[in-house]
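# Tertiary structure, described
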Amino acid sequence: MALEDLSGLESRQPSDHHKAPYQEWRSPFFEKISKSLRISISTPIGKSVNKESNPMYPNQSHLKGPCATPTLQTRRAMLQNVACGFGSLAFAGMSHATKPLPTNPLAPLSPQIPARAKRIIFLFMQGGPSHVDSFDYKPLLEASHLKKVDIMGYRFNNFRKATKQTMMKPLWEFTRHGQTGQPVSSLFPSVARHVDDLCFLHGMHTEGVAHGPSTLFLHTGSVNNVRPSVGSWISYGLGTENANMPSFVTICPTARMGGPQNYGNAFLPAVHQGTPIGSAEQPVSEAGIKDMVNPLLSPEEQQRRFQLLQGINRIQLANSPSDNAMEANLNAFELAYKMQMTAPELLDLAGESKATRELYGIDEKETDDYGRQCLMARKMAEAGVRYIQVNYSDNDGGNPKWDQHSNMPQHERHAQAVDKPIAGLLTDLKARGLLEDTLVWWGGEFGRTPFSQNNNGRDHNPFGFTVWLAGGGVKHGIRYGATDAYGYQATENKVHMHDLHATLLHLLGLDHERLTFRHAGRDYRLTDVYGNVVKDIIA
């Protein structure tokens, strides 16, 4: 259409289909914008305006100087520039071409390979529990009590030097349990009753010899770089089974030894970051998700405000479709609103039966706190959360809970706090049929040495230690791998932490080599360029 033919547009009336929205916006202010638009688009660049002869420009005698020669602008540009973009906002609201809300990034995704498990519950024992005092029985260590043995040093002044170390026998008696006859010490009498359901990995080894690097490596596969956590990779690969809940939750996480990086998303979309509930050293009975409940507004008013805010966000996103931060915020608001309706029920244990509370050790002084965490984990697993981390941790500036460089008898206090709750979780999952597709993972960032430190303590040991798995497609009642005769170094069927990560992803239906994210010019993955699936433990 030629520019001179546009003069007739002023007399046109909207069709019946568009009459209502058109009339709604025909305010004096909008009329002024409309006139400005007609002036702008109707004049070729560099030509003066004949205000007397052109019907598009009534009463334009006030135009002088530069304004007498308007430049050509599009309607869209004028709407964006006039009155702080109010016209653009109005136009987008009326437009049928406004882009819809983007696909939910937490929507359930199909596994890459056949899955054995749908979710993971990780029971994190911060500080490194002693495998030689709990699940890895070594008769020679017991026979060598207080004897000096040549050990290759790895810390401080003895790194890579042969040193004489004093062996220290287990402080707790080992007995065999279950049909499999798995030896377990008296530290874990309740867990011992479940040995026929457990898969012990005795040949574990990892990176780092200090808590910070090893804890970070356990959670992210890296000792010093900012990388996504295990739970974030799982969220990215599978989404969530429940649109009203996040896919990754961490209960009472520590603020140290990696801190938020342990549940961070790094360069993955922000929606995959873990949702923390409470924090270490805060009683879980007082823990919750911040700002979960708004006591100042009614549910109806909250919903009205939420819908208005999301409507504005959608309009802004439609104008900047490549804005990942805006898209992440929009989806985060959506999830947060849904969680307000769902999460309080999952965090509230008041409705649980007396038998259930007793099963987890709730209301008992030693086990109440971790028992509540384990029961929350079961409820979240039942509700469809993909990855739930249950932390037995603290924010101690010196030694984490299981870190006894001296006074190893403190292990008994920590074991007492978690033993009954963990056994209760296994019992409850099995009774509800959840253990079949829920993988339970127990362990710390490393183990402890078979030799003594400071007379009655043990040092860090990343070269050989034990973790165990249960349910979720792993063989039950087996021992896989082994450490040497003293329990110092992994020697048989060794499993590196990268291998464990690869196996966890495999059981969930994710190929660790194909689960990648493009960042800074390369494809990243949880296992970097390492890792092998431990197929021998898969049922």
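Residues numbered from 1 in each chain as written. Predicted model: local features only at pLDDT ≥ 70, side-chain atom pairs only at ≥ 80, totals over all residues. Heavy atoms only, no water.

The next point concerns the overall build of the protein. Assigned secondary structure in the protein consists of 14 helices and 19 strands. For the protein, long-range pairs separated by at least 24 residues make up 75% of all intrachain contacts whose partners lie at least 6 apart in sequence. Counting only carbon and sulfur atoms, one obtains 51% of the accessible surface of the protein, whose full area is about 25200 Å². (Helix = DSSP H or I, 4+ residues; strand = E, 2+ residues; numbered from the N terminus. Contact = heavy atoms within 4.5 Å. Areas by Shrake-Rupley, 256 points an atom, 1.4 Å probe, with all protein chains shown as cover.)

Here the focus is the pattern of salt bridges. Per the counting criterion, the structure on display carries 21 salt bridges. A salt bridge links aspartate 136 to lysine 138; the nearest nitrogen and oxygen atoms lie 3.7 Å apart. Residues aspartate 136 and lysine 138 agree in their burial class; the two are buried. Among the ionic pairs, glutamate 364 bridges to lysine 420, the shortest N-O distance being 2.7 Å. Of this pair, glutamate 364 sits in the loop between α11 (354–360) and α12 (368–383) while lysine 420 is found in helix α13 (residues 410–431), placing the two residues 56 residues apart along the sequence. By relative accessible area, glutamate 364 is classed as partly exposed at 31%. What makes lysine 420 partly exposed here is its relative accessible area of 28%. Salt bridges sharing partners connect three or more residues here, namely Glu352, Arg378, Lys379, Glu382, Asp428 and Arg432. (Salt bridge = Lys/Arg side-chain N within 4 Å of Asp/Glu carboxyl O. Buried < 20%, exposed > 50% of the residue type's maximum accessible area, 1.4 Å probe, protein only.)

With that settled, the discussion passes to the pairing of strand β10 (residues 438–443). Where burial is concerned, most of β10 is hidden: six out of the six residues are buried. Alternating positions in β10 separate into two faces, Thr438, Val440 and Trp442 on one and Leu439, Trp441 and Gly443 on the other, with burial throughout. Here strand β1 (residues 119–125) pairs with β10 via six bridges, running parallel. Counted as the bridge partner of leucine 123 is tryptophan 442 from β10. In terms of strand pairing, β10 meets strand β13 (residues 465–471) through four bridges, oriented antiparallel. For valine 440, the partnering residue across the bridge sits in β13 and is alanine 470. (Pairing = 2+ DSSP bridges.)

What follows concerns the nonpolar core. Soluble globular proteins tend to pack their nonpolar side chains together in the buried interior. Counting 52 residues, the largest nonpolar core has Leu123, Phe188, Ile422 and Trp468 as its most contacted members. Apart from the residues lying within four places of it in its own chain, the contact partners of leucine 123 are Tyr370, Cys374, Val390, Ile422, Leu425, Val440, Trp441, Trp442, Gly443 and Trp468. By size, the runner-up hydrophobic cluster in this structure holds 41 residues, among which are Leu201, Leu238, Leu508 and Ile538. (Core = buried A, V, L, I, M, F, W, Y, C linked by side-chain atoms within 4.5 Å.)

It is worth spelling out the side chain of serine 452 at this point. One can find serine 452 in the loop between β11 (447–448) and β12 (460–461). Residue serine 452 is classed as buried on the basis of its relative accessible area, which comes to 17%. Residue contacts for serine 452: discarding those within four places in its chain leaves Gln165, Thr166, Met168 and Gly457.

Put simply, the protein has an average pLDDT of 84, and 77% of its residues get 70 or more. Counted against residues more than four places away or in other chains, residues 36–68, with its pLDDT under 50, gives 45 contacts. For the stretch residues 95–102, pLDDT sits under 50, and the model shows twelve contacts to residues farther than four places along the chain or on other chains. (pLDDT = per-residue confidence, 0-100.)

What follows covers the packing of aromatic side chains. On inspection of all chains with the given rule, the structure shows 18 aromatic pairs. Between phenylalanine 267 and tyrosine 524 the ring centres are 5.0 Å apart and the planes differ by 45 degrees, which places this aromatic pair in the tilted class. Of this pair, phenylalanine 267 sits in the loop between β7 (248–251) and β8 (275–277) while tyrosine 524 sits in strand β19 (residues 522–524); the two residues are 257 residues apart in sequence, bridging distant segments of the chain. Taking relative accessible area as the criterion, phenylalanine 267 reaches 14% and is therefore assigned buried. Here the aromatic cluster, defined as three or more aromatic residues joined through ring pairs, consists of Phe135, Phe188, Phe200, Tyr370, Tyr392, Trp402, Trp442 and Trp468. One Lys or Arg, lysine 401, reaches over the ring of tyrosine 392 and ends 4.0 Å from the middle of that ring. Above the ring of tyrosine 524, the side-chain terminus of arginine 522 is found at 4.0 Å from the ring centroid. (Phe/Tyr/Trp six-rings, centres within 6.5 Å; stacked < 30°, edge-to-face > 60°. Lys NZ or Arg CZ within 6 Å of the ring centre and 35° of its normal.)

Even without being a glycine, asparagine 454 presents a positive backbone phi close to 55 degrees. Mapped onto the fold, asparagine 454 is located in the loop between β11 and β12. The class of asparagine 454 is exposed, set by a relative accessible area of 51%. Even without being glycine, aspartate 528 reaches a positive phi, approximately 55 degrees. The topology assignment puts aspartate 528 in the segment after β19.

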